[in-house]
Every structure is written in structure tokens, then in C-alpha cells.
Amino acid sequence: MNKVPALFLIILIMSLFSCRHNQQIITRPNILFFLVDDLGWEDTGVPMWTDSVENNRYFRTPNIARLAAEGMKFTQAYASSPVCSPTRTALMTGMNPARTHITNWIPGRGNHPAEDQWLLIPHWRIGGLDHRDVTLPELLKATGYTTVHVGKAHLGRKGTVGANPRHLGFDYSVAASYRGGPGSYYVPYGRIHGLDSQMIDLEEFFPDSLYLNDALTIMALRLLDTLAKHPENPFYFNMWHYAVHAPIQGDPKLMDKYRLPGKTEAQVQYASMVESVDRSLGKILKKLDELGMADNTIVIFWSDNGGLVSHSGPPTTNYPLSSGKGSSHEGGYREPLIVRWPGRVKPGSVCSDPVITDDFFPTVLAITGVRVPDTIRRHLDGTDITPLLLQTGGIERPHPLVWHYPHYWGWKALRVADSTITPFSAIREGDWKLIYTYEKGRCELYNLAEDIGEKHNLAKEKPDVAQKLCGDLRSVLQVMGAQTPIDRETGEAVGLPEFTEYTD
Ligand code: CA
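Reference entry: report on the structure contained in this document. None of the values given here were measured: they were computed from a predicted structure.

### Examining the sheet that holds strand S12 (residues 432-437)
Step number 1: The sheet built from 4 strands is open, its strands ordered S10-S11-S12-S13 with antiparallel pairing. In this open sheet, the two edge strands, each paired with only one partner strand, are strand S10 (401-405) and strand S13 (442-447). Adjacent strand axes in the sheet meet at a mean angle of 15° when their direction is disregarded.
Step number 2: Relative to S12, strand S11 (residues 424-429) runs antiparallel, the two being bridged by 6 bridges. For Ile 427, the partnering residue across the bridge sits in S12 and is Leu 434.

Printed below as a string of C-alpha cells:
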């Protein structure tokens, strides 16, 4: 990790940028990043697979469909982690969780007895982001952008600087804190926790009993009105919904249409949460149109980890992917990504190249004309994907895509029911994906082009491929300085991934 004070870097960037011609500053695009929490790959009406699936027909998301029709859909976009905080901090830094050591949702659950989890959790940055980190909004703000965050942050632990987005480079922060989920989507949005409540800034909506997503949307629309009064400053705007994270509490005004034969109450409630988010997107797109800002605003729609399939109903499925949030399989971190960039990205286009959350940081800097500081350049794991957006060519990565989750997610019963939920690292090269699980030191190998559901482990059949990928995974994790779980008996960290013949 780089330890150069962020302030120094900001001054450096400001001095570099001041040399640019004013006209370039004026025409720099706005960025509106619409992030949905825990939204699964097929949890919208926009098919991400080659075939339409039941979920695509059940969920009603006309505004997400509009965005896809007007922009580019990525069918192999990944979150950096199967849980919240590591993906979110990768977005803000361009660094993979294996490098930042922010590897779990903050603050995680700590260690459990041996019968629940055999390995101990390694040291990790449980506090989340702090002043050591050079964040995307800091760099943008230093070059004239107004920076806004609305909704769930979950970037730092309670009581730390990173708990408040205003300490991480945001000019405005609304209803954001250390918390990873709302106490409730209904007023007073979890205030039952009293002073511990994360849901600040929304008290004015209590009398009207607004659904949380609607309250956040009103706040966002107001801020867009404010930004429109200062067209000389481009903006970077995080609209990061708490939805569709648990608790699964539907929008009462939208639920009835989802009460279809065979659908559970959790599915009904969840589908209305998704539609509520879609309506929020629709209102924001309409506001951009009304304010005359749509043509100069890039809108990005994404999620931070896979859909919740293991409990709370479960409310959804990630079919055709296997498993969901918390898992080492594709359902844990393959996400719907859509980018609308008027005049630059071809409407209705589709990109099937794999991309990952780490890419967001360098891509936004490239688009906004902000130079990556030399002091962090070599630590970036993401790659500028502008050539994919503009369809001008491919991209070259510094290393293959990797995931690193040396933690136990959920509780034992979940992991007994779903063996894909376990401390793991994984790598993707071409169509091949290898998962290394630390408890058994075992490799799983899948060909995603032929087996998107990860049903057929080919490690025994293709030991040469498995060995190659496992070696590459080990090398990348070594360079990143990834931490591994601790053996209870020896007190030592277990080894990085190492190939052994598959023996099941
Ligand atoms: Ca999440």
C-alpha cells in the first residue's frame, strides 16, 4: 500500500491540471454512478445471458432497459468481491481487495469456534478506507469536479474517518455512514437503534412515511438541481442505494403485481424493491433530461456483489449462475453493468469482455482527463476500459482478474448447504476459471463458456490447465501481498494457492 499523504497528491494533481486549457475543463463530462446493493446478475428485465431467464420476465425494470438501449451492456462484468465493502473500496481506489487488505464487509463477524470455522481470519483492514488512501473523489475534486454521495457508503468502520464520505473527498454526503444496511426501508428507517442509526439526513420524510428509496431519490434530485446552477463545475455523483440489501422489505405500492402463482412472499417483496430502484433511476434520467445535462453525463449502472440466494427467503436466484452473495462461484460476483455515454458509446451495444470493479477508477480518470498519480500508478489493479466502451480496441491488463476472500461469510448452516461459501481465492483467464479453497487446499477448474453454472469441475481432467492457473493466481496474490487465513493448530498463515491433484 502507498503511504504518500493524499493532500500532497491532490496539490500535485491540481498543479498538473492547471496547465490544461480551460475549454477542456468546461467540456469534461459529468459522471453519475448508480450502484444497487446486492443486485444479482439477472435481477432485472435486461437479460445478461444469451437466453432470457425467468427472472428477466418477472422483474419490471423499464428504466434499466432504457439505459441498456441507450448505452452498452457488459455481460461479463464482475464485482471485486462477493460482499459489499471490498468492492466499494476497490471502486474508490482502483486497487483489488487482495492489495488493500480490505477483504471483508466492515466490520465482519470475527472468529467463531473451530466447529464453525476451521481456519482463523487473518489480519485485515477492518477499519476500511482512511487518509492513507488516494480516492477517486479526492482526485476529481482537486481538478474542479463537485463530488456527491447519496445513500449507502460502507467504506469505513464506525468511529473512523472513512465512515463519513465527506472525509474521503466528497463535497456532499447524504444518508451515508459506516452501516451496511438500513434498519428498515420504512420510516423511521431503523431509528429504533437510536443514536446508533445510520439513517441521518432523512427526518423530513418521516411524516409522509416515504419508502427509503423514494426519500433518497428526492434528495438526489434536489442535489442535481443544485449542481445545474453551477454548470462551470462538472460533477461526480454516487447514487448508491441501500436497496436491494436485506432486510427484504418491499415497496407497498408496487407489490401486488408480483403476487403470481409459485412466487414466495420474499420474492414478491424483493421484486418490488428492484422496481423501486428502477423507478429511482427513471426519475434521475428524467431530471438529467429536464436540466439539459443528459448529453454531457455518463450514467453507470452496477451492483457490488451477487444476489442473495442463501437466506431471507431466499428472495432471488442467480440462474444460470451458481450460488450468490458470499460465494466463490459466479453468482457471488458476476454483475449487471450498463454504461450510457451519449455520443460516444453506441446505443444498444453489448460487450462480452470480462471487466471488474477495479477498472472503474482508472477508467473514470481517463474519461475526465485526470492523470493517474505516479505514486499509485504501479499499485493499480484496474485497467482503463475506454477502448471497450468506444469499441476502438481491446485492453491489456497488468495481471489476470483475481478475487481474494480469506473469510467466512454467513453462518455454518449456510456453508453446509452451499459448499461454495468458504475462504477462497480465484482467477479468470480466457474462458477458464480456477477457484482455490483454503480449508482443504483444493482447486476447482471450470470452463465458463461451456459451463456457466460451474457444475463440472475439470481439475482432474485438465490438470495442466489447473496447474497453470493456480500458479498464476499464486503469483498475482504474492505481488499484491495478499493475506491468507491462519491455521488454528500452528498459528501460522496457510500457504498461498498451490496445485494438488483433484481427489474427490
Ligand atoms: Ca452488497
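### So, the side chain of Asp 43
Step number 1: Mapped onto the elements, Asp 43 comes out in the loop between strand S1 (30-36) and helix H3 (54-58).
Step number 2: Buried within the structure, Asp 43 lacks any salt-bridge partner; Lys 263 is the closest side chain of opposite charge, at an N-O distance of 9.8 Å.
Step number 3: Within the structure, Asp 43 has its side chain in polar contact with the side chain of Asn 55 (distance 3.2 Å).
Step number 4: A distance of 2.7 Å separates the side chain of Asp 43 from the side chain of Thr 316, its partner in a polar contact.
Step number 5: Ignoring any residue separated from it by four or fewer positions in sequence, one finds Asp 43 in contact with Asp 38, Asn 55, Phe 59, Tyr 270, Val 274, Gly 307, Thr 316 and Thr 317.

### Side note on the environment of Leu 119
Step number 1: As for its position among the elements, Leu 119 is in the loop between helix H6 (97-100) and helix H7 (136-141).
Step number 2: Put simply, Leu 119 and Arg 166 are 47 residues apart on the chain and 37 Å apart in space, counted from C-alpha to C-alpha.
Step number 3: Not counting residues up to four positions away in its chain, the partners in contact with Leu 119 are Asn 111, Tyr 408, Tyr 438, Glu 439, Pro 485, Ile 486, Asp 487 and Val 494.

### A word on the coordination of the calcium ion
Step number 1: The protein atoms that coordinate the calcium ion are Asp 37 (OD), Asp 38 (OD), Cys 84 (SG), Asp 304 (OD), Asp 304 (OD) and Asn 305 (OD1), at distances of 2.2 to 2.6 Å.
Step number 2: Look at where the donors of the calcium ion fall in the sequence and you get D-D-x45-C-x219-D-N. Residue Asp 37 is found in the loop between S1 and H3, and its partner Asp 304 is found in the loop between strand S6 (297-303) and strand S7 (334-340); the two are separated by 267 residues along the sequence.

### Some words on the packing of helix H8 (residues 212-228) against helix H9 (residues 265-290)
Step number 1: Two numbers describe how H8 lies on H9: the axes approach to 10 Å, and their chain directions differ by 15°. Regarding the angle of H8 to H9, the classification is roughly parallel. Note that H8 runs across H9; the crossing there is right-handed. Of H9, the residues touching H8 (which contributes Asn 213, Asp 214, Thr 217, Ala 220, Leu 221, Leu 224 and Asp 225) are Met 273, Ser 276, Val 277, Ser 280, Lys 283, Ile 284, Lys 287 and Leu 288.
Step number 2: Among the residues making up the contact of H8 with H9, the classes are represented as 7 nonpolar, 4 polar and 4 charged.

### Some words on the packing of helix H4 (residues 62-70) against H9
Step number 1: Running from N to C, H4 and H9 point in directions that differ by 50°, and their axes come no closer than 7 Å. Compared by their axis directions, H4 and H9 come out oblique. On H9, the residues touching Pro 62, Asn 63, Ile 64, Arg 66 and Leu 67 of H4 are Asp 278, Arg 279, Leu 281, Gly 282, Leu 285 and Asp 289.
Step number 2: A breakdown of the residues in the contact of H4 with H9 according to their chemical character gives 5 nonpolar, 2 polar and 4 charged.

Cut-offs used in this document
- Residues numbered from 1 in each chain as written.
- Predicted model: local features only at pLDDT ≥ 70, side-chain atom pairs only at ≥ 80, totals over all residues.
- Heavy atoms only, no water.
- Pairing = 2+ DSSP bridges.
- Helix = DSSP H or I, 4+ residues; strand = E, 2+ residues; numbered from the N terminus.
- Axes fitted to C-alpha atoms, helices over the stretch in contact; angles between N-to-C directions.
- Buried < 20%, exposed > 50% of the residue type's maximum accessible area, 1.4 Å probe, protein only.
- Lys, Arg positive; Asp, Glu negative; His and termini not counted.
- Salt bridge = Lys/Arg side-chain N within 4 Å of Asp/Glu carboxyl O.
- Polar contact = N/O pair within 3.5 Å; in protein donor to acceptor, adjacent residues only side chain to side chain.
- Contact = heavy atoms within 4.5 Å.
- Donors = N, O, S within 2.8 Å, 3.2 Å for Na, K, Ca; no water.
- Parallel < 35°, antiparallel > 145°, perpendicular 65-115°, else oblique.
- Left-handed = near helix turned anticlockwise from the far one by under 90°.
- Nonpolar A, V, L, I, M, F, W, Y, C, P; charged D, E, K, R; others polar.

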